[in-house]
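Residues per chain are reported as follows:
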Amino acid sequence: QVARVESGGGLVQPGGSLRLSCAASGSILSFYAMGWYRRAPGKQRELVARITSGGSTNYADSAKGRFTISRDNAKNTVYLQMNALKPEDTAVYYCNAEIQPGIFPWSWGQGTQVTVSS
């Protein structure tokens, strides 16, 4: 089974930026899509951004205009560039693949904590 490691989280002030990385141990080319998700305290996990194998992207309304998802297939890595961060972006961020829409081949890992606070 392909494993992956999420990294890049941390503490940042409102308005700041972070770049999250999701490095997979194997090829991500065969997956329908790769996505970033987040779970804020007391809330359900939600999709933040998704990028398909063809490069199409979609974003949660809260992420549009501030976040950018990208992928480097040669490095088996997916990135989430987050700009203009807000306190409400505070959450644990996870990446996962989709073999079909809504079908996740990986269990949810530890994720990476993002805290936006002054």
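None of the values given here were measured: they were computed from a predicted structure.

The rules behind the values
The numbering scheme is per chain: residues are counted from 1 as the chain's sequence reads. Local features in a predicted model are, by the rule used here, given only for residues with pLDDT of at least 70; side-chain atom pairs are given and counted only at 80 or more, and totals for whole chains, interfaces and linings are based on all residues. No hydrogens and no water enter the side-chain calculation; it runs on all heavy atoms of the structure. Whether a residue is buried, partly exposed or exposed follows from its accessible area with a 1.4 Å probe, protein chains only, as a fraction of its type maximum: under 20%, in between, or over 50%, in that order. Secondary structure elements are taken from DSSP: a helix is a run of H or I of four residues or more, a strand is a run of E of two residues or more, and numbering for both begins at the N terminus. Two strands pair if DSSP finds at least two bridges between them. In this analysis, axes come from line fits to C-alpha atoms, helices being fitted only over the stretch in contact, and the angle between any two N-to-C directions falls in the range 0 to 180 degrees. By definition here, a salt bridge exists when the distance from a side-chain nitrogen of Lys or Arg to a carboxyl oxygen of Asp or Glu is within 4 Å.

### Some details on the pairing of strand β1 (residues 4-7)
Residues R4 and E6 line the buried face of β1, whereas the alternating positions V5 and S7 sit on a face that is not buried. Here β1 runs beside strand β3 (residues 18-24); their pairing, made up of 4 bridges, is antiparallel. Considered in β3, the bridge of R4 is made with A24.

### Some points on the sheet that holds strand β8 (residues 77-82)
Ordered in space as β1-β3-β8-β7, the 4 strands form an open sheet in which the pairing is antiparallel. Strands with a single pairing partner mark the edges of an open sheet, and in this sheet they are β1 and β7 (67-72). Taken over all neighbouring pairs, the strand axes of this sheet differ in orientation by 15° on average, direction set aside.

### Examining the pattern of salt bridges
Scanning all chains against the criterion turns up 6 salt bridges. A salt bridge links D89 to R66; its shortest N-O distance comes to 2.7 Å. Linking D89 in the loop between β8 and β9 (91-98) with R66 in the loop between β6 (57-59) and β7, this pair joins segments that are 23 residues apart in sequence. Accessibility assignment for this pair places D89 and R66 in one class, buried. In the salt-bridge network here, residues are joined through shared partners; they are R38, E46, R66 and D89.

### Here we look at the pairing of strand β10 (residues 112-116)
Look at any regular strand and the pattern is simple: side chains alternate between the two faces of the sheet. Going residue by residue along β10, you find T112, V114 and V116 tucked away on one face and Q113 and T115 left uncovered on the opposite face. In this structure, strand β2 (residues 10-12) lies alongside β10, joined through 3 bridges in parallel fashion. Across the sheet, G10 pairs through a bridge with V114, a residue of β10. The pairing of β9 with β10 spans 3 bridges and is classified as antiparallel. Following the sheet pairing, A91 is matched in β10 by V114.

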